[in-house]
Amino acid sequence: MIRRSVFSALLVLAMLLAVVVPAGAFAASSEETYYLWLQTNNARMGSRVAELSLEPVFIIPMPVLFGVNPADLTADFGDRRSGGRRHEGQDILAPKGAPIVSPTKAVVLETGVWNGAGKYVTTANPGGEIFIYMHLDRVADLKPGELLSVGELIGYVGNTGNAGGGSPHLHIEIRKNGKAADPLPRLRGAFTIAEKMNFAAEIAEDDADAASFMAKNYRADLTAAKGLGIELPDVLTNALNGKTVIAKKPAVTATAAAATAPVPKRDLELKSKGADVTWLQAFLISTQSGPAATRLATVGATGYFGVATKAALAEYQKKSGISPA
């Protein structure tokens, strides 16, 4: 019998090597680049991928957060495409800008722009599988090696790459050992409305544009959630009411704010919440350090530490010559 630790190591190696034989959208000439990339990232990726379950998730929730009923999808895996190639994934039609979330716990392997794929994200998923999300309009602020929880943002539906000029859609592929499998039979899961609202709240707290998009396109879902007593963040509530959320600059200088700051009694990180986060956000907005601080100002001091806060903090630290902790 193979011990779990040994099997996990073999699974990690198989998953990482599987990326070397990527989706049909990627050119064969990329193989050398992938090997070089794996050599420099293998240790970090391996430790993260080993945290994933050895068993695949067979029933997958719809990664497009709202507006898509799995029963309405048209099977297109294996369909003929231009150049004699076969379609190696499932297309999911959705409005441009619709948020896409990770349907399983996953590790980010790569993000980028590539030929027919357009803007894409590749993740390692349970059971040694690789998920590839293509034709995105925007990619979330993801880094290789980052561990994603279920429901964390992947990006937004688009029509980049060879989908340019066509209907916006998500092309999702599932691969194992380099071989593509049909995603459609497995796209039968569903997030609960409470889970959807939780994911939507985290997205909206970091992206005012996404909040406006969801309020406009998924008003029925948000209204139904409120009817069930699910609390929505202010940014979504204001968007539903047609209000634009723009934080007012605090009437204090950065120096004065620092002098009156509550002393943090904990390390702040992504997803932290509380008054200390609110103060940090107000301080970062008041410094007007650059584009990231301006973007944070459009969301406001919400008390939730998301990617917008992280970016504004990094911007301030760099400008001030402070080495990040």
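These numbers were taken from a predicted model, which means no experiment stands behind them.

Observations regarding the packing of aromatic side chains
Line of reasoning, step 1. By the definition in use, this model includes five aromatic pairs.
Line of reasoning, step 2. Between F191 and F199, the ring centres sit 5.1 Å apart and the planes meet at 85 degrees, which makes this aromatic pair edge-to-face.
Line of reasoning, step 3. Pairing W279 with F283 gives two aromatic rings, centres 5.3 Å apart and planes at 10 degrees, and the pair type is stacked. With a gap of four residues between them, W279 and F283 both fall in helix α8 (residues 275-287), about one helical turn apart.
Line of reasoning, step 4. A cation over a ring is seen here: R138 above Y156, with NZ or CZ 4.1 Å from the ring centre.

Comments concerning the sheet that holds strand β6 (residues 138-139)
Line of reasoning, step 1. The three strands are arranged β2-β8-β6 in an open sheet whose pairing can be described as antiparallel. For this open sheet the edge positions go to β2 (99-101) and β6, each flanked by a neighbour on one side alone.
Line of reasoning, step 2. Here three bridges tie β2 to strand β8 (residues 153-156), and the two strands are oriented antiparallel to one another. Paired with I100 across the bridge in β8 is G155.

So, the pairing of strand β3 (residues 106-114)
For a regular strand, the rule is simple: side chains alternate between the two faces of the sheet.
Line of reasoning, step 1. Pairing of β3 with strand β7 (residues 147-148), which is carried by two bridges, proceeds in the antiparallel orientation. Each residue of the ladder has a partner; that of A106, found in β7, is L148.
Line of reasoning, step 2. Hairpin remark: β3 followed by strand β4 (residues 118-125), antiparallel, with three residues in the connecting loop; positive phi at N115, about 30 degrees.

Structural notes on unusual backbone geometry
For residues other than glycine, phi is negative in most cases, and the peptide bonds are mostly trans.
Line of reasoning, step 1. Residue H135 is not a glycine yet carries a positive backbone phi of 65 degrees.
Line of reasoning, step 2. Looking at the element boundaries, H135 is found in strand β5 (residues 129-136).

Points about the confidence of the model for the protein
Line of reasoning, step 1. The predicted model of the protein averages 78 in pLDDT, with 77% of residues at 70 or higher.
Line of reasoning, step 2. Within the protein, no element has a lower average pLDDT than helix α7 (residues 254-259), which sits at 42, and none a higher one than β2, at 97.
Line of reasoning, step 3. The low-confidence segment residues 1-7, where pLDDT is below 50, has three contacts with residues more than four positions distant or belonging to other chains.
Line of reasoning, step 4. For residues 16-39, every residue scores under 50 in pLDDT, and the model assigns this stretch 49 contacts once sequence neighbours within four places are set aside.

A short note on the pattern of salt bridges
Line of reasoning, step 1. Inspection of every chain in the model, using the stated rule, returns six salt bridges.
Line of reasoning, step 2. Of the charged contacts in the structure, one is a salt bridge between R186 and E129, with a shortest N-O distance of 2.8 Å. With R186 in the loop between β10 (179-181) and α3 (193-206) and E129 in strand β5, this residue pair connects regions lying 57 residues apart in the sequence.
Line of reasoning, step 3. Relative accessible area serves as the criterion here: at 13%, R186 is assigned to the buried category.
Line of reasoning, step 4. Owing to a relative accessible area of 9%, E129 belongs among the buried residues under this scheme.
Line of reasoning, step 5. Among the charged side chains, a network of salt bridges with common partners joins E88, E173 and R175.

A word on the nonpolar core
Line of reasoning, step 1. If you look at the biggest cluster of nonpolar residues, it comprises 48 residues, and the most contacted ones within it are V64, I92, Y133, L170 and M214.
Line of reasoning, step 2. When residues of this core are traced back to their parent elements, those giving at least two are β2, β5, β8, β9 (169-176), α3, α4 (208-217), α5 (219-227) and α6 (234-240).
Line of reasoning, step 3. Built from parts of two domains, this core gets at least three residues from each of domain 1 (31-77 + 85-186) and domain 2 (193-241).
Line of reasoning, step 4. If we ignore the near neighbours within four places in the chain, the residues touching Y133 are P63, I100, S102, P103, K119, Y120, V121, T123, I154, L170, H171 and I172.

Focus on the side chain of T123
Line of reasoning, step 1. If you trace the backbone, T123 turns up in strand β4.
Line of reasoning, step 2. A polar atom in the side chain of T123 sits 2.7 Å from the side chain of N125.
Line of reasoning, step 3. Look past the residues within four positions of T123 in its chain and what remains in contact with it is A106, V107, V108, L109, E129, I130, F131, Y133, L148 and I154.

With respect to the packing of α3 against α4
Line of reasoning, step 1. As a packed pair, α3 and α4 sit with axes 5 Å apart at the nearest point and diverge in direction by 130 degrees. Relative to α4, the element α3 lies oblique. When α3 is examined against α4, the residues A200, I203, A204 and D206 are found in contact with a partner set consisting of A208, A210, A211 and M214.

Quick word on the environment of H135
Line of reasoning, step 1. For H135, a relative accessible area of 5% corresponds to the buried category.
Line of reasoning, step 2. Along the sequence, H135 and N162 sit 27 residues apart, while their C-alpha atoms lie 7.9 Å from each other.
Line of reasoning, step 3. With residues up to four places along the chain from it excluded, the contact list for H135 reads G116, A117, K119, V157, G158, N159, T160, N162, A163, H169 and H171.
Line of reasoning, step 4. Among the polar contacts made by the side chain of H135, one reaches the main-chain carbonyl oxygen of T160 at a distance of 2.8 Å.

Here we look at the layout of surface pockets
The gaps left among the atoms become clear once a water-sized probe is rolled over them.
Line of reasoning, step 1. Approximately 520 Å³ is the volume attributed to the second largest pocket.
Line of reasoning, step 2. Lining the second largest pocket are 26 residues, with A140, D141, L153, D206 and V307 positioned closest to its centre.
Line of reasoning, step 3. Broken down by secondary-structure element, the contributors of at least two residues to the lining of the second largest pocket are β6, β7, β8, α3 and α10 (307-320).
Line of reasoning, step 4. The dominant element in the lining of the second largest pocket, judged by the number of residues it contributes, is α3, at four residues.
Line of reasoning, step 5. Here the lining of the second largest pocket is built from residues that sort into 14 nonpolar, three polar and nine charged.

Conventions and cut-offs
Residues numbered from 1 in each chain as written. Predicted model: local features only at pLDDT ≥ 70, side-chain atom pairs only at ≥ 80, totals over all residues. Heavy atoms only, no water. Phe/Tyr/Trp six-rings, centres within 6.5 Å; stacked < 30°, edge-to-face > 60°. Helix = DSSP H or I, 4+ residues; strand = E, 2+ residues; numbered from the N terminus. Lys NZ or Arg CZ within 6 Å of the ring centre and 35° of its normal. Pairing = 2+ DSSP bridges. pLDDT = per-residue confidence, 0-100. Contact = heavy atoms within 4.5 Å. Salt bridge = Lys/Arg side-chain N within 4 Å of Asp/Glu carboxyl O. Buried < 20%, exposed > 50% of the residue type's maximum accessible area, 1.4 Å probe, protein only. Core = buried A, V, L, I, M, F, W, Y, C linked by side-chain atoms within 4.5 Å. Domains from an automatic or database assignment. Polar contact = N/O pair within 3.5 Å; in protein donor to acceptor, adjacent residues only side chain to side chain. Axes fitted to C-alpha atoms, helices over the stretch in contact; angles between N-to-C directions. Parallel < 35°, antiparallel > 145°, perpendicular 65-115°, else oblique. 1 Å grid on protein atoms, 1.4 Å probe; cavity = no way out; pocket = protein on both sides within 12 Å on 5 of 7 lines; lining within 4 Å. Points joined across faces, edges and corners; volume = space filled by probe spheres on them. Nonpolar A, V, L, I, M, F, W, Y, C, P; charged D, E, K, R; others polar.

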